[in-house]
Amino acid sequence: MKKIYLVLGTLGLFSVLIAGSCSSSKETVISDKEKAAFRQKEADTVKIADDATEYEIIIIEPGFNFWLESIAKPRNYYSQEFLESRNQIFVTNYNQRVMQPMRYDPNLYEQQINYDFHTDYGYEVNYKLYNYFIYFQRKYNQRLGPFVPRI
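Residues numbered from 1 in each chain as written. Predicted model: local features only at pLDDT ≥ 70, side-chain atom pairs only at ≥ 80, totals over all residues. Heavy atoms only, no water.

### Focus: the overall build of the protein chain
The criterion, for reference: A run of H or I in DSSP counts as a helix once it spans at least four residues, and a run of E counts as a strand once it spans at least two, with each numbered from the N terminus. Contact between two residues is taken to exist if any of their heavy atoms lie within 4.5 Å; hydrogens are not considered. To be clear on the numbers: accessible area is Shrake-Rupley with a 1.4 Å probe, and residue cover counts the displayed protein chains and nothing else.
When you go through the protein chain residue by residue, the secondary structure sums to 4 helices and 2 strands. Taken from the N to the C terminus, the helices and strands of the protein chain come in the order α-β-β-α-α-α. Restricting the contact set of the protein chain to residue pairs at least 6 apart, pairs at least 24 apart contribute 73%. With an accessible surface of roughly 8300 Å², the protein chain has 50% of that area assigned to carbon and sulfur atoms.

So this is what it looks like as structure tokens:
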């Protein structure tokens, strides 16, 4: 089985504000339920796998599974093409930040994501990866693209 690994651990409270993050006049509104997901301390492990394509991603992030199940848009809300196009933007920007540890917090941007834009990873992998990026951006006040991360 081919694997893509995105393994992130518990991050300290000081990592939340990043000096190099983009600023915007648009503000992200975060609900109390979403704040509760962000405050969780116990590490969730989410295995993203698509049996048809034999790819998987493992995400270890406190609160992500709760957020995915209770706050994220439901499966099939987005098309696979939409998810793939957003994931291309997010992965590119994320990987660029991994390569700049003096500018971006290396506790947030730990390792590159091996995401081939020409590979069909299937809907499930793209859905969960996209939602992880939305979760990540909202929780840590980051912008990995030209748009405000919304749910």
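### Let's talk about the environment of Ser85
Here is the rule we go by: Burial here depends on accessible area, computed with a 1.4 Å probe over protein chains only, as a share of the maximum for the residue type. Under 20% is buried, over 50% is exposed, and the range in between is partly exposed.
Tracing the chain through its elements places Ser85 in helix 3 (residues 80–98). Under the relative-accessibility criterion, Ser85 is labelled partly exposed at 35%. Taking the C-alpha atoms as reference points, Ser85 and Phe117, separated by 32 residues in sequence, lie 8.8 Å from one another.

### Remarks on the packing of aromatic side chains
Formally: Side-chain rings of Phe, Tyr and Trp, where Trp is taken by its six-membered ring, are said to pair if the distance between their centres is within 6.5 Å; with planes under 30 degrees apart they count as stacked, over 60 as edge-to-face, and otherwise as tilted.
Applying the stated rule across the entire model yields 23 aromatic pairs. Plain terms: the ring middles of Phe64 and Trp67 are 6.4 Å apart, the flat faces sit at 20° to each other, and that makes the pair stacked. With a gap of 3 residues between them, Phe64 and Trp67 both fall in helix 2 (residues 64–70), about one helical turn apart. Side by side, Phe64 and Trp67 carry an identical accessibility label, which is buried. Judged by centre distance (5.4 Å) and plane angle (65°), the ring pair of Phe64 and Tyr135 falls under edge-to-face.

### Overview of the nonpolar core
Keep this limit in mind: What makes a nonpolar core is a set of buried Ala, Val, Leu, Ile, Met, Phe, Trp, Tyr and Cys residues whose side-chain atoms join them at distances within 4.5 Å.
Counting residues in each nonpolar core, the largest one holds 34 residues, and the members touching the most others are Phe64, Trp67, Tyr94, Tyr109, Phe133, Phe136 and Leu144. Broken down by secondary-structure element, the contributors of at least two residues to this core are helix 1 (32–39), strand 2 (55–60), helix 2, helix 3 and helix 4 (122–139). Of all the elements, helix 4 adds the most residues to this core, at 10 residues. Sequence-distant contacts of Leu144, that is, excluding residues within four places in its chain, are made with Ile89, Phe90, Asn93, Tyr94, Arg97, Tyr109, Phe133, Phe136 and Gln137.

### Section: the side chain of Asn95
You can see Asn95 is positioned in helix 3. The contact partners of Asn95, leaving out residues within four places of it in the chain, are Gln112 and Ile113.

### Some words on helix 4
Stated precisely, the cut-off is as follows: Multiplying 1.5 Å by the helix residue count minus one yields the expected span of that helix.
Compared with the 26 Å implied by 1.5 Å per residue over 18 residues, the 26 Å span of helix 4 between its first and last C-alpha is a close match. Judged by how many residues are buried, helix 4 sits mostly within the fold: 18 of 18 residues are covered. Asn141 lies just past helix 4 and shows a positive phi near 55°.

### Quick look at the pattern of salt bridges
Note the threshold: Any Lys or Arg side-chain nitrogen found within 4 Å of a carboxyl oxygen on Asp or Glu counts as a salt bridge.
Evaluated as defined, the whole model comprises 3 salt bridges. Where Glu61 meets Lys139, a salt bridge forms, and the shortest distance between an N and an O atom there is 3.3 Å. With Glu61 in the loop between strand 2 and helix 2 and Lys139 in helix 4, the pair connects residues that are 78 residues apart, well separated along the chain. Between Glu124 and Lys128 there is a salt bridge; the shortest N-O distance is 3.2 Å. With Glu124 and Lys128 both in helix 4 and 4 residues apart, the pair spans about one turn of that helix.

### Some thoughts on the side chain of Thr119
As a reminder, the rule being used: Any pair of nitrogen or oxygen atoms within 3.5 Å is treated as a polar contact; in protein, a donor-acceptor pairing is required on top of that, and neighbouring residues in sequence qualify only through side-chain atoms on both sides.
Turning to its location among the elements, Thr119 is positioned in the loop between helix 3 and helix 4. Within polar-contact distance, the side chain of Thr119 engages the side chain of Asp116 at 2.9 Å.

Geometric descriptors of this kind do not, in isolation, establish any biological role.
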